[in-house]
Amino acid sequence: MSTTARNISKEQVYEWLSSVTDPEVPVLTIQDLGIVRDVLIDTTDNGVPEVTVVITPTYSGCPAMDAIAMGIRMALIGKGFRNIKVEHRLSPAWTTDWMSEEGKRKLEQYGIAPPIRKAVNPLGLFEEDNVPCPRCHSTDTMLVSQFGPTSCKALYKCQSCHEPFEHFKCH
Amino acid sequence: MTNSKNMSIQKLLYTLQIADNALILGHRISEWCGHGPVLEQDIAITNTALDHLGQARSLYQYAATQFNALNQEEKKGLFVSSALQSLIAQGKLLDEDDLAYLRDGWDFRNVWLVEQPNKDWAYTVARSFLYDCFNYFFYTELRNSKDETLAAIAEKSLKEVTYHIRWSSEWVIRLGDGTEESHKRMQQAINDRWAYTGELVKMSEADTAMLAEGVGVDLNAIASQWQERVASVIEEATLTIPQDTWMQEGGKEGRHTEHLGYILAELQFMQRAYPNMEW
Ligand SMILES: [Zn+2]
């Protein structure tokens, strides 16, 4: 049965989107990241369904966004859609608060310290978060650089097990 | 020309002013890619370049939308670039890439500070520090713009700029309050960059017009916040603020130092030599 003949619900589309992952952190789906803001389903005059997925970028220059948009298209093409739109919405700006608890758990298992929300002084200097090591859970860790291999991650070093690790920055 | 049309042109020029600062500074910083003093700092500084380029993209996309809504006469009067004039004459719509890659130096409205060469790590840090301190307070205010798109871009960008201002401020302190040699060179870099800071907070015609519309930011208010932040970091760094510097300016009116031409030659080469090529 083709997609045109079916009644498609938003929930169904959300479920299909759960197969799309972040290319930089492949354990996280785009739902875990909380970047899917809306799904709109429209039926055009000739009965062909059109689906619009609204996503919000994590960082302005994040190169993963193009790959994610492509992943969304591929996932929905696989379900029989032909009219697929991926829209970017800037406001409200993405925050790590939108990351699911499941996502944070997966991050830690993957070896990346998940974001922790705490009060920060935006103009503070030389301040460090007390980020626990994802391997040995020691809190004796040291910030190496606020900037990691991708915009969303900082570099840390554990003083207990001496392993370097990445921290998904609170943003 | 009616007043409302005039305002749409002013808003476009205002958007380009912000976009050009982001693109040119992002390009300058990206020149460090693979050349940073240590791996972590190479990664750090190129991350900030990526943020600036990402912000430039959002702004150019918005500028292109504004441009495409103008009438033909207004479009023709905006840019000197013959490449763009030819697209306009053909009735083509412009996109973000056309604005970044096909405008000439005179069409760019970035301030002189951002086009200055990297020279060394101290000069690069000084340029970023003086600009980040401006950019942080600028985006903080622009979040309140009556223009929803500019407000949204500002809200998004501010989060990124918060990392930039911290990074560059810490480096000014690390070098200023470091060794005798690093102190001397950091001070020299601040002194030499200082002449370009007046322009950051000088109101252009577009700044004034957009402030009156509730779209733009009052740069006079930013000036005191900028001074306060810069002074506190410079003091912490055991450095001194240059006095009696003659301020250099012209970028917001399309007049530039000789450096912009070389930047554009590299930045625009592919699109100029092979129009419409894609990676
Ligand atoms: Zn550890």
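Reading the values: rules and limits
Residues numbered from 1 in each chain as written. Chains lettered and ligands numbered in written order. Predicted model: local features only at pLDDT ≥ 70, side-chain atom pairs only at ≥ 80, totals over all residues. Heavy atoms only, no water. Helix = DSSP H or I, 4+ residues; strand = E, 2+ residues; numbered from the N terminus. Rg over C-alpha atoms; globule rule 2.2 N^0.38 Å. Contact = heavy atoms within 4.5 Å. Areas by Shrake-Rupley, 256 points an atom, 1.4 Å probe, with all protein chains shown as cover. Pairing = 2+ DSSP bridges. Donors = N, O, S within 2.8 Å, 3.2 Å for Na, K, Ca; no water. Tetrahedral: all angles 85-135°; square planar, octahedral: opposite > 155°, others 65-115°. Buried < 20%, exposed > 50% of the residue type's maximum accessible area, 1.4 Å probe, protein only.

Comments concerning the overall build of chain B
Phase 1 of the analysis: Across its full length, chain B carries 12 helices and zero strands.
Phase 2 of the analysis: The N-to-C order of helical and strand elements in chain B reads α-α-α-α-α-α-α-α-α-α-α-α.
Phase 3 of the analysis: Since a compact globule built from 279 residues should have a radius of gyration of about 19 Å, the 19 Å found for chain B is in line with a globular shape.
Phase 4 of the analysis: By principal-axis analysis of the C-alpha atoms, chain B measures approximately 60 × 40 × 35 Å.
Phase 5 of the analysis: The contacts of chain B with a sequence gap of at least 6 include a subset with a gap of at least 24, amounting to 78%.
Phase 6 of the analysis: With an accessible surface of roughly 12200 Å², chain B has 52% of that area assigned to carbon and sulfur atoms.

Regarding the sheet that holds strand 6 (residues 153–158) of chain A
All names here are of chain A.
Phase 1 of the analysis: Read from one edge of the open sheet, four strands run 4-7-6-5, paired in mixed fashion. The open sheet has two free edges, formed respectively by strand 4 (112–113) and strand 5 (141–145), since each of these has just one partner strand.
Phase 2 of the analysis: Summarising the sheet, strand 5 and strand 6 pair through four bridges and their orientation is antiparallel. Looking at the pairing, methionine 142 lines up with lysine 157 of strand 6.

Observations concerning the coordination of the zinc ion
All names here are of chain A.
Phase 1 of the analysis: Binding of the zinc ion to the protein goes through Cys133 (SG), Cys136 (SG), Cys158 (SG) and Cys161 (SG), at separations of 2.3 to 2.4 Å.
Phase 2 of the analysis: Classification of the site at the zinc ion rests on its four donor atoms, whose angles at the metal span 102 to 116°, yielding the label tetrahedral.
Phase 3 of the analysis: Counting gaps between the donor residues of the zinc ion yields the pattern C-x2-C-x21-C-x2-C. Of the two residues, cysteine 133 is situated in the loop between strand 4 and strand 5 and cysteine 161 in the loop between strand 6 and strand 7 (164–168); the sequence distance between them amounts to 28 residues.
Phase 4 of the analysis: Cysteine 161 gets classed as partly exposed once you look at its relative accessible area, which sits at 27%.

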